[in-house]
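# Notes for the structure review
Single-letter residue listing:
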2 protein chains.
Amino acid sequence: MATPLRIVEVDKLKTACSTCSLHELCLPAGLSASELKSMDRMIDIRRTVKRGDYIFRAGTALHALYAIRTGFMKSCVLHEDGREQVAGFHMMGDLIGMDAIGSGQHLCDALALEDSEVCEIPLKSLELLSREIPSLQHHFHRIMSREIARDYGVMLLLGSMRAEERLAVFLLNLSQRFAARGYSSTEFHLRMTREEIGSYLGLKLETVSRTLSQFQAQGLVAVQNKHLRILKIDSLRELVGQHGCRV
Amino acid sequence: MATPLRIVEVDKLKTACSTCSLHELCLPAGLSASELKSMDRMIDIRRTVKRGDYIFRAGTALHALYAIRTGFMKSCVLHEDGREQVAGFHMMGDLIGMDAIGSGQHLCDALALEDSEVCEIPLKSLELLSREIPSLQHHFHRIMSREIARDYGVMLLLGSMRAEERLAVFLLNLSQRFAARGYSSTEFHLRMTREEIGSYLGLKLETVSRTLSQFQAQGLVAVQNKHLRILKIDSLRELVGQHGCRV
DNA sequence: GCTGCCGTTTGACCCAGATCAAAACAGCGG
DNA sequence: CCGCTGTTTTGATCTGGGTCAAACGGCAGC
């Protein structure tokens, strides 16, 4: 076997759903081998995005949904007066762009917080294929539903939790998502700035910083710049929900 | 024609998608006459719910999605410690229960704020039928997407708006939704209590009351108990976004 | 290694909206 | 018509987290 041929082969393997290590986490979860092949045919474009690049911008037309293969991104919704609110942080296996199906236009910006790779999934193709593969159809519905469920959680957080609780929820959520992807649940890098965390949690960056320092003083976490280690995960869990509510 | 027969006929007409006055607003929007017939076959159960009745409770298994035919309801997500956060107010034509598709269990309570009528739409049937009718499939996706989009708006509101802005956004949203349903955009009844408004907006009931009184003093609205009249809709619109942000 | 730029931390002070309290009011059953 | 209950309004006071300000630290470019 000639070397050039092998390279091409490996390259192709790397970018197919059927061999992607995320396929149990991502859209094709639960599909059979032959159904995965159909997925492979549907997803023909992969994009590499560099830190700071936009995957899509608010106001632009929906071209496709994007499955995150590697990297880390945020989506933020903008108010006409310039205020921006981080609506979510996304990591590998997550599907983004679903906010745009309703109107055909994206409502938020999505941008990479580190060099990333995404798979473009044209909505039309996805809808076509899910008419043929019931389990894909149902799984897509589950993914959209989980986004709604996540949003409800954020509403609860923003509407009725105090600062410490918000931050604890945030850290526990990151921890759990990293764990689900095979990474450490207690030690990770915060890819976003304090300001972005604050925006997501409805707090100012100073409050995020202060609360993080307070957690550190209490021995709950060890923070050094963007590196975070959770020391007492149970105490963090207890912290959520036991304090008197703010609203 | 005998009277009893006529009654049955009218009754049947009243409960079919094909003759429902909401069908351009609801799930079957854009379907052909024959496709509407298929919808009729799918939706075989209509439920009447009285003020205070639950349509579903958090933690219970997903049986069906519910399209609201008449009435007004709220959904609220609960925190284990008893805190509750209103996640949305729903009126005729709205589809609720989509939060449960992901896990198979409802994450929020849905309860009627006035006597209402809902159509039960079994998820399995809906998925089956949308495999046959592409426009139904796409419209269902659009509805789920619009729920995500709405949630992003609520996040922006809860995360970065001051009390007056939140209330103005709330009133403008109600106004616009009533208008879309053929009712007055400037005069309507608030079906929910001040406390429920507050919960939805992340404010306490006293703040809602005070802010409403303030709007009244400024001549923006006329409130009398639960009856509300918008006097200066443009001023309300201007109010949103011009103040310095809280977060 | 030095310099400049961000992002972060920490302190001091302030204010929007929460909390507490009480009165006014609507709606309802008897 | 009355009394009861739950909702709403309004006032007085308090406080969590916002705002302003300054110092610190890590890292990229030179």
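Residues numbered from 1 in each chain as written. Chains lettered and ligands numbered in written order. Predicted model: local features only at pLDDT ≥ 70, side-chain atom pairs only at ≥ 80, totals over all residues. Heavy atoms only, no water.

### As for the domain arrangement of chain A
Residue and element names in this part refer to chain A. Here chain A is partitioned into domain 1 (2-134) and domain 2 (161-240). A C-alpha centroid distance of 27 Å is found between domain 1 and domain 2. Counting from both sides, the interface comprises 15 residues of domain 1 and, opposite them, 13 residues of domain 2. In total, domain 1 and domain 2 occlude about 1300 Å² of area from one another, counting both sides; carbon and sulfur atoms represent 60% of this. Viewed at the interface, domain 2 and domain 1 are joined by 4 salt bridges. For the salt bridge of Lys74 with Glu196, the shortest nitrogen-to-oxygen distance reads 3.0 Å. Along the contact surface separating domain 1 from domain 2 lie 9 residue pairs in polar contact (both at pLDDT 80 or more). For the side of domain 1 that touches domain 2, the elements supplying multiple residues, two or more each, are β4 (72-78) and β5 (84-91). With 8 residues, the top contributor of residues to the side of domain 1 that touches domain 2 is β5. Looking at the side of domain 1 that touches domain 2 residue by residue, the class counts come to 8 nonpolar, 3 polar and 4 charged. (Domains from an automatic or database assignment. Contact = heavy atoms within 4.5 Å. Buried area = accessible area lost by both parts, 1.4 Å probe. Salt bridge = Lys/Arg side-chain N within 4 Å of Asp/Glu carboxyl O. Polar contact = N/O pair within 3.5 Å; in protein donor to acceptor, adjacent residues only side chain to side chain. Helix = DSSP H or I, 4+ residues; strand = E, 2+ residues; numbered from the N terminus. Nonpolar A, V, L, I, M, F, W, Y, C, P; charged D, E, K, R; others polar.)

### Remarks on the interface of chain A and chain B
Every contact between the two is made by 51 residues of chain A and, on the other side, 51 residues of chain B. For the pairing of chain A and chain B, the buried interface totals around 4700 Å² over both sides, and the portion due to carbon and sulfur atoms is 64%. It is Arg83(A), Tyr152(A) and Met155(A) in chain A that bury the most area against chain B; as a group they hold 16% of the surface buried on that side. For the pair chain A and chain B, the number of links is 2 salt bridges.

### Some thoughts on the protein's contact with DNA strand C
In the vicinity of DNA strand C lie 22 residues, with Arg194(A), Ser213(A), Ala163(B), Lys204(B) and Thr207(B) positioned nearest. Backbone atoms, meaning sugar and phosphate, make up 68% of the atoms of DNA strand C lying within 4 Å of the protein. Within the contact set of DNA strand C, a phosphate oxygen lies 2.8 Å away from a side-chain nitrogen or oxygen of Ser209(A). Side-chain polar atom of Thr207(B) to a phosphate oxygen of DNA strand C: 2.4 Å apart, as the coordinates give it. (Near = heavy atom within 4 Å.)

### So, the relation of the copies chain A and chain B
Once chain A has been moved 0.0 Å along the axis and rotated by 180°, it coincides with chain B to within an RMSD of 0.0 Å. In short, the pair behaves as if placed about a two-fold rotation axis. Every residue of chain A has its C-alpha some distance from the rotation axis, and the shortest such distance is that of Arg131(A), at 2.2 Å. (Least-squares fit on C-alpha atoms with pLDDT ≥ 70 in both.)

### Some details on the packing of aromatic side chains
Residue and element names in this part refer to chain A. Under the counting rule described, the total for this entry stands at 14 aromatic pairs over all chains. Ring geometry for Phe178 versus Tyr183: centroids 6.4 Å apart, planes at 90°, classification edge-to-face. For Phe178, a relative accessible area of 5% corresponds to the buried category. Its relative accessible area of 48% is what places Tyr183 among the partly exposed residues. We note Arg57 situated over the ring of Tyr54; from NZ or CZ to the ring centre the distance is 3.8 Å. (Phe/Tyr/Trp six-rings, centres within 6.5 Å; stacked < 30°, edge-to-face > 60°. Buried < 20%, exposed > 50% of the residue type's maximum accessible area, 1.4 Å probe, protein only. Lys NZ or Arg CZ within 6 Å of the ring centre and 35° of its normal.)

### Looking at the sheet that holds β5(A)
Each strand in a sheet pairs with its neighbour through backbone hydrogen bonds, running either in the same direction (parallel) or in the opposite one (antiparallel). Residues and elements named next belong to chain A. Pairing within the open sheet is antiparallel, and its 4 strands lie in the order β2-β7-β4-β5. In this open sheet, the two strands that pair with only one neighbour each are β2 (54-56) and β5. Sheet twist, expressed as the mean angle between neighbouring strand axes with direction ignored, is 30°. Bridge count for β2 against strand β7 (residues 108-112) is 2 bridges, and the pairing is antiparallel. From the neighbouring strand, Phe56 faces β7, where its bridge partner is Ala110. Sitting on the sheet, helix α5 (residues 163-180) touches β4 and β5, and the angle it makes with β5 is about 25°. (Pairing = 2+ DSSP bridges. Axes fitted to C-alpha atoms, helices over the stretch in contact; angles between N-to-C directions.)

### Things to note about helix α4 (residues 134-160) of chain B
End to end, α4(B) covers 39 Å across 27 residues, agreeing with the expected 39 Å (1.5 Å per residue, within 8%). Counting buried residues along α4(B), 19 of its 27 residues qualify, which places the element largely inside the surrounding structure. (Expected span 1.5 Å × (residues − 1).)

### Section: the sheet that holds strand β2 (residues 54-56) of chain B
Reading across the sheet, the 4 strands line up as β2-β7-β4-β5 (chain B) and stay open at both edges, with antiparallel pairing between neighbours. Either end of the sheet is taken by a strand with one partner, and the two such strands are β2 and β5 (84-91) of chain B. Averaged over all pairs of adjacent strands, the angle between strand axes in this sheet comes to 30°, irrespective of strand direction. Relative to the sheet, helix α4 (residues 134-160) of chain A contacts β4 (72-78), β5 and β7 (108-112) of chain B, its axis offset from that of β5(B) by approximately 120°. Against the sheet, helix α6 (residues 194-201) of chain B makes contact with β4 and β5 of chain B, and its axis sits at roughly 105° relative to β5(B), the strand it touches most.

### Comments concerning the pattern of salt bridges
Per the stated rule, a full pass over the model turns up 28 salt bridges over all chains. Residue Glu120(B) pairs with Arg47(B) through a salt bridge whose shortest N-O separation is 3.9 Å. Of this pair, Glu120(B) sits in strand β8 (residues 116-122) while Arg47(B) sits in strand β1 (residues 45-49); the two residues are 73 residues apart in sequence, bridging distant segments of the chain. Using a relative accessible area of 25% as the deciding quantity, one classes Arg47(B) as partly exposed. Close ionic contact of Asp151(B) with Arg150(B) constitutes a salt bridge, the shortest N to O distance being 3.4 Å. Taking relative accessible area as the criterion, Asp151(B) reaches 0% and is therefore assigned buried. What emerges from the salt-bridge pattern is a single network uniting Lys74(A), Glu84(A) and Glu196(A).

### Side note on the protein's contact with DNA strand D
Surveying the vicinity of DNA strand D reveals 21 residues, the closest of which are Ala163(A), Thr207(A), Arg194(B), Ser209(B) and Ser213(B). Near-protein atoms of DNA strand D (within 4 Å) split between backbone and bases, with sugar and phosphate holding 66%. Arg210(A) is positioned with one of its side-chain polar atoms (N or O) 2.9 Å from a base oxygen of DNA strand D. The side chain of Arg210(B) places a nitrogen or oxygen atom 2.9 Å from a base nitrogen of DNA strand D. Listed by contribution, the elements that provide at least two residues to the surface near DNA strand D are α7 (205-217) of chain A together with α7 (205-217) of chain B. Broken down by element, the residue count for the surface near DNA strand D peaks at 5 residues, all from α7(B). Residues of the surface near DNA strand D, tallied by class, amount to 5 nonpolar, 6 polar and 10 charged.

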